[in-house]
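Residues per chain are reported as follows:
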Amino acid sequence: MGALTEAGSSILLFALVFGMSATVECENLRKQLRNKNALLTGIFLQFVILPFLGFAVVKALGMSSPMGITLLVVTSSPGGSYSNWWCSMFNADLALSVTMTAISTFMSIFLLPVNLVIYATSSYSGAVVKSLDWIALFVSLIVVISAILLGLYCSYTVKSHKFNLLANKVSYCIMDYNCTRIRFFREEFMI
């Protein structure tokens, strides 16, 4: 992937996560941090069950290394902006979703590589694991963490309903743009 494409993807990811985080009131976030059962359940499912299920699928289907590694990366990665977007879209508990995204993203700095090493080496040769682009993974994590922190900071300092609506609209526009890109990609390459 070219440097311009990578930078554009990081900017879009930052804007999407920032927009969702900026709509959360910090008091709601504090309340969710005390919701230990929900957070521990989410962490357990995110970093124990989901990576194991990804591994089980890779082994059961005998997936090639490109397909299998992709599935392992996805199932070992933290929850993210799409869950926040869906919560916002359907008026679910966005504060819980953003809190879980923040916690799982911080934890994934350690747990994502651990899960990938465990399950990728159990499925493929060590050369496959060494060929992973670890820097790109960590850059994505840094982008998400910084977007969450800046979004929450702006929400805390601005305290404006208009600002929250604008941030939400920006996120919806980015999601719409991404959906359009996916449709174009599928039509272009007949996937």
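Owing to the predicted nature of the structure, the values given are computational and were not obtained by experimental measurement. Residue positions within a chain follow its written sequence, with the count starting from 1. Predicted model: local features are reported for residues with pLDDT of at least 70 only, side-chain atom pairs are reported and counted for 80 or more only, and whole-chain, interface and lining totals are derived from all residues. Calculation of side-chain values draws on the structure's entire complement of heavy atoms; hydrogens and water are dropped beforehand.

Caption draft 1: Representation of the overall build of the chain in the model. Assigned secondary structure in the chain consists of nine helices and zero strands. Along the chain, helices (α) and strands (β) appear in the sequence α-α-α-α-α-α-α-α-α when read from the amino end. For the chain, with 191 residues in total, the buried portion stands at 40%. Taking all contacts inside the chain whose residues are at least 6 apart in sequence as the whole, residues at least 24 apart take part in 81%. Here the open area of atoms and residues is found with the Shrake-Rupley method and a 1.4 Å probe, where only the protein chains shown may cover a residue. Of the roughly 11,200 Å² that the chain leaves accessible, carbon and sulfur atoms contribute 70%. Here a strand is any run of E in DSSP of at least two residues, a helix any run of H or I of at least four, and the numbering for each starts at the N terminus. To sort residues, take the accessible area from a 1.4 Å probe on protein chains only and compare it with the maximum for the residue type: under 20% means buried, over 50% means exposed, and anything in between is partly exposed. Whether two residues are in contact is decided by their heavy atoms: any pair within 4.5 Å suffices.

Caption draft 2: Looking closely at the nonpolar core. Here, the term nonpolar core denotes a set of buried Ala, Val, Leu, Ile, Met, Phe, Trp, Tyr and Cys residues that are joined through side-chain atoms within 4.5 Å. With 19 residues, the main nonpolar core has F18, V24, L94 and I148 as its most contacted residues. If you list the elements that add at least two residues to this core, you get α1 (3–22), α5 (81–89), α6 (94–123), α8 (134–158) and α9 (161–189). At five residues, the largest contribution of residues to this core is made by α8. Beyond its immediate chain neighbours, meaning those up to four positions away, V24 contacts L29, L94, A95, V98, L152 and S155. In this structure, F55, A120, L132 and L137 belong to the second largest nonpolar core, which totals 16 residues.

Caption draft 3: Spatial organisation of the pattern of salt bridges. The salt bridge definition used is simple: a Lys or Arg side-chain nitrogen within 4 Å of an Asp or Glu carboxyl oxygen. A complete count under the given rule lists one salt bridge for this structure. Here R30 and E27 are joined by a salt bridge, their closest N and O atoms 3.0 Å apart. Residue R30 and its partner E27 are both found in helix α2 (residues 26–33); the two are separated by three residues, about one turn of the helix. For R30, a relative accessible area of 40% puts it in the partly exposed group.

Caption draft 4: Highlighting the environment of C154. Topologically, C154 is positioned in helix α8. Judged by relative accessible area, which is 17%, C154 ranks as buried. Setting aside residues up to four positions removed in sequence, C154 forms contacts with F18, K159 and F163.

Caption draft 5: Focus on the packing of aromatic side chains. Stacked, tilted and edge-to-face pairs are distinguished by plane angle, under 30 degrees for stacked and over 60 for edge-to-face with tilted covering the rest, among Phe, Tyr and Trp rings (Trp via its six-membered ring) whose centres lie within 6.5 Å. One pass over the structure, following the stated rule, counts three aromatic pairs. Ring geometry for F14 versus F18: centroids 6.2 Å apart, planes at 10°, classification stacked. Taken as a pair, F14 and F18 lie in helix α1 at a separation of four residues, close to a single helical turn. For the pair F52 and F55, a centre-to-centre distance of 6.3 Å together with 45° between the ring planes defines the contact as tilted. Here F52 pairs with F55, and both are found in helix α3 (residues 36–61), just three residues apart, close to one helical turn. Assessed through its relative accessible area of 16%, F55 is described here as buried.

Caption draft 6: Structural view of a nonpolar patch on the surface. Residues F44, L45, V48, I49, L50, F52 and L53 make up a contiguous nonpolar surface patch of roughly 590 Å² in combined accessible area. As for its placement among the helices and strands, I49 is situated in helix α3. With relative accessibility at 32%, the residue I49 sits in the partly exposed group. For patches, a residue must show more than 30% relative accessible area and have no salt bridge; joins then use 9 Å for like charges and 5 Å for nonpolar side chains, namely Val, Leu, Ile, Met, Phe, Trp and Tyr.

Caption draft 7: Examining α6 more closely. In a helix, the anticipated span is given by 1.5 Å times the number of residues less one. For α6, which comprises 30 residues, the first-to-last C-alpha distance of 36 Å sits more than 12% below the rise-based estimate of 44 Å (1.5 Å per residue). At any given residue, the bend is defined as the angle formed between two axes, one fitted to the seven residues that end at that position and one fitted to the seven that begin there. The sharpest bend along α6 comes to roughly 60°, located at S108.

Caption draft 8: Just the environment of T121, in detail. Topologically, T121 is positioned in helix α6. When neighbours within four sequence positions are excluded, T121 is seen to be in contact with L116 and V129. For this analysis, a polar contact is any N or O atom pair within 3.5 Å, provided that within protein one partner can donate a hydrogen and the other can accept it, and provided that sequence-adjacent residues contribute only side-chain to side-chain pairs. One polar contact links the side chain of T121 to the main-chain carbonyl oxygen of V117, over a distance of 2.4 Å. Reaching out from T121, the side chain makes a polar contact with the backbone oxygen of I118 at a distance of 3.3 Å.

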